[in-house]
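Coordinate inspection notes
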Amino acid sequence: MKRLGSRRLLSDVYGPGAQAGNNGAPDAYVGQLRFDALLAETLVLPDSWILDGRFFLGTAPAVLLDLVGRGAHLRRLPLEVRTRSTARPGGRLADALRANLLPSEGKTTLNPCQQWGISDTGLRTGIAAALGRTPERLLRPRLDRASDLEVPGVLRTFLSELSGGAADEDLGLMETGWRRWIEAERAGVLRVVPWEGRLRIGHPDLSLPAERLVSHEGRELLRRIEDSGSRDLRTSAIARMIAATELPSTDADTLGRWLHAAWHTASARQHHADVAYTVPAGGRALNPLEHALDHDEPDIVLIDDLLPALSALDGAGYGRFTHLHARRLARIWNDGDVGDVRRLVADLTETLTSVRNPRRTGSRAWAAISLAAGSSAVATAPLAAQGPVAVIATTALATVASLSAGVLSYSQQAHGGAGRRRVLRYLRRRAHP
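Residues numbered from 1 in each chain as written. Predicted model: local features only at pLDDT ≥ 70, side-chain atom pairs only at ≥ 80, totals over all residues. Heavy atoms only, no water.

What to know about the overall build of the protein
Looking only at helices and strands, one finds 20 helices and 7 strands in the protein. Counting the 433 residues in the protein, one finds 57% classified as buried. When contacts within the protein are restricted to residue pairs at least 6 apart in sequence, long-range pairs at least 24 apart make up 77% of them. Summed over its atoms, the accessible surface of the protein is roughly 19,000 Å², and 52% of this surface lies on carbon and sulfur atoms. (Helix = DSSP H or I, 4+ residues; strand = E, 2+ residues; numbered from the N terminus. Buried < 20%, exposed > 50% of the residue type's maximum accessible area, 1.4 Å probe, protein only. Contact = heavy atoms within 4.5 Å. Areas by Shrake-Rupley, 256 points an atom, 1.4 Å probe, with all protein chains shown as cover.)

This is the structure in structure tokens:
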């Protein structure tokens, strides 16, 4: 059904792989965060997206509060961080950071996870492989003895030793980011909520009929996935099983689409999100705004450079806009009325145009508010961040690297002229918790 707005939005455009593809550039995310925060009451972020994402690690919480905070005076972040830790409030991010490298039950070596804060792909892959060969006893006692604020330093030292010092510059930035977000949680700057249980993609609604597969190898692999209980493990483990099996391209594509859709549906259910959106996979650069075009039933008209212009607006101007439109935003989040969204977008367009052209009739007041009060300076390059299309996409399986490459390639394309407009139709599907 067609519906704009959501109480809770989960979008992997903010995932660590996508942030790495954009090199964590603020202009790739500020405009998108702001636009998503107009259409969703709460933006839901799993802890790894904060603790392993270059944008969030490189942006101080106080700066993000200024850039994306709602309200004219007492600003508040529209973010909820979902953490694997059930520890006391104020210590959940530190515990999630501890748990990141420690193995799951039954394993004795560290978790071979990618450290996306490390910019060099080869070095990042090498460190992940080294982690998978390292006994947990070399790290666990050091983490157990460390206080919450000491955990970032312990991990930086350990990863530096593992890499022979080759990643020290990036690790220094990561340590700083980890500490800042742990301190922000302790200070109550952001909402951190533990999630319950493990990610399970084995829900009956997500089952894949064996008849959809054309080969014996494909059906046998599906049986192995179901029998081994791998549906309760990381989706990367299932992806490796698919990649390691010689399959006809049709079966590989079918299994990939199933896994991709199942993961996002399960994530939305686990994090109690109304809507989940995933970056479309594919060989060409794809702008989700274009992906959502519907020429037969136009609903919303957006200027071409909406996100870059929104990114360039100073924090005080954005906060003021959310304050003035608070009632309309609440209606959008609860009812998703197209008319409300259309009027909101029109007012937003007028505001952004006024900032860029203060002489425009009737625009001087907004220009004064936006230009005089702000403290944030954000680049206006075309955004790589994706549009808030509220769908659960059943796209072909793609590795994080390919998702990042797709996002990055789009960031290198300029938007069309400011005079042109695009018609955007949003679709919404509920994820049934």
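Side note on the packing of aromatic side chains
Taken as a whole and judged by the stated rule, the model has 4 aromatic pairs. With a centroid separation of 6.0 Å and an interplanar angle of 45°, the aromatic rings of Y14 and Y29 are classed as tilted. Here the residue Y14 occupies a position in the loop between β1 (6–11) and α1 (16–21), and Y29 occupies one in the loop between α1 and α2 (30–39), the gap between them amounting to 15 residues. Under the relative-accessibility criterion, Y14 is labelled buried at 2%. Given a relative accessible area of 0%, Y29 falls into the buried group. Relative to W181, the ring of F56 lies with its centre 6.4 Å away and its plane at 75°, an arrangement referred to as edge-to-face. Linking F56 in helix α4 (residues 54–58) with W181 in helix α10 (residues 168–186), this pair joins segments that are 125 residues apart in sequence. W181 carries the same exposure label as F56, and that label is buried. Linked through ring pairs, Y14, Y29, F55, F56 and W181 together constitute an aromatic cluster. (Phe/Tyr/Trp six-rings, centres within 6.5 Å; stacked < 30°, edge-to-face > 60°.)

Things to note about the pattern of salt bridges
One pass over the full model with this rule turns up 18 salt bridges. Ionic pairing is found between D148 and R88, a salt bridge with its closest N-O pair at 2.6 Å. Remark: R88 occurs in the loop between β3 (79–83) and α6 (92–101) and D148 occurs in the loop between α8 (140–145) and α9 (151–163); sequence separation between them is 60 residues. By relative accessible area, D148 is classed as buried at 7%. A salt bridge links D95 to R98; its shortest N-O distance comes to 2.5 Å. Here R98 and D95 lie together in helix α6, a separation of 3 residues that amounts to about one turn. The class for D95 is partly exposed, based on a relative accessible area of 24%. Connected via shared salt-bridge partners are R8, E80, R82 and R191. (Salt bridge = Lys/Arg side-chain N within 4 Å of Asp/Glu carboxyl O.)

Things to note about the packing of α2 against helix α16 (residues 315–324)
Where α2 contacts α16, the two axes come as close as 12 Å, and the packing angle between them is 10°. Judged on the interaxial angle alone, α16 and α2 are roughly parallel. Together, R34, A37 and L38 of α2 and G315, Y318, F321 and T322 of α16 make up the contact between the two elements. (Axes fitted to C-alpha atoms, helices over the stretch in contact; angles between N-to-C directions. Parallel < 35°, antiparallel > 145°, perpendicular 65-115°, else oblique.)

Considering the pairing of β3
Along β3, 5 of the 5 residues are buried, which leaves the element largely enclosed by surrounding structure. Of the two faces of β3, the one lined by L79, V81 and T83 and the one lined by E80 and R82 are each fully buried. Looking at chain direction, strand β2 (residues 40–46) and β3 are connected through 4 bridges and run parallel. Within the sheet, the bridge partner assigned to L45 lies in β3 and is V81. When β3 meets strand β4 (residues 191–194), the two strands line up parallel, connected through 4 bridges. Note that in β4 the partner of T83 across the bridge is P194. (Pairing = 2+ DSSP bridges.)

Section: α16
Counted residue by residue, α16 has 7 buried out of 10 residues, so it is predominantly covered. The complete set of buried residues in α16 reads G315, A316, G317, Y318, G319, F321 and T322. A side-chain oxygen of the first residue of α16 lies 3.1 Å from the backbone nitrogen of A316; this N-cap is D314. (Polar contact = N/O pair within 3.5 Å; in protein donor to acceptor, adjacent residues only side chain to side chain.)

Some thoughts on the nonpolar core
Formed by 79 residues in total, the largest nonpolar core has its most connected members in F35, F56, L64 and L139. At 7 residues, the largest contribution of residues to this core is made by helix α18 (residues 338–356). For L139, the contacting residues outside a window of four places in its chain are L101, L102, L110, V154, L155 and F158. Of all hydrophobic cores here, the second largest spans 13 residues; its members include L208, L213, M241 and A262. (Core = buried A, V, L, I, M, F, W, Y, C linked by side-chain atoms within 4.5 Å.)

Section: unusual backbone geometry
Although it is not a glycine, H272 adopts a positive phi angle of roughly 55°. Counting through the fold element by element, H272 comes out in the loop between α13 (249–270) and β5 (275–277). What makes H272 partly exposed here is its relative accessible area of 44%.

Thoughts on the environment of P152
When you line up the elements, P152 lands in helix α9. What makes P152 buried here is its relative accessible area of 0%. C-alpha separation for the pair P152 and A94, spaced 58 residues apart in sequence, amounts to 8.2 Å.

Details of α2
Residues separated by three or four positions in an α-helix point in the same direction, a consequence of the helix having 3.6 residues per turn. Counting buried positions along α2 yields 10 of 10 residues, so the element is predominantly enclosed. If you check which residues of α2 are buried, you get V30, G31, Q32, L33, R34, F35, D36, A37, L38 and L39.

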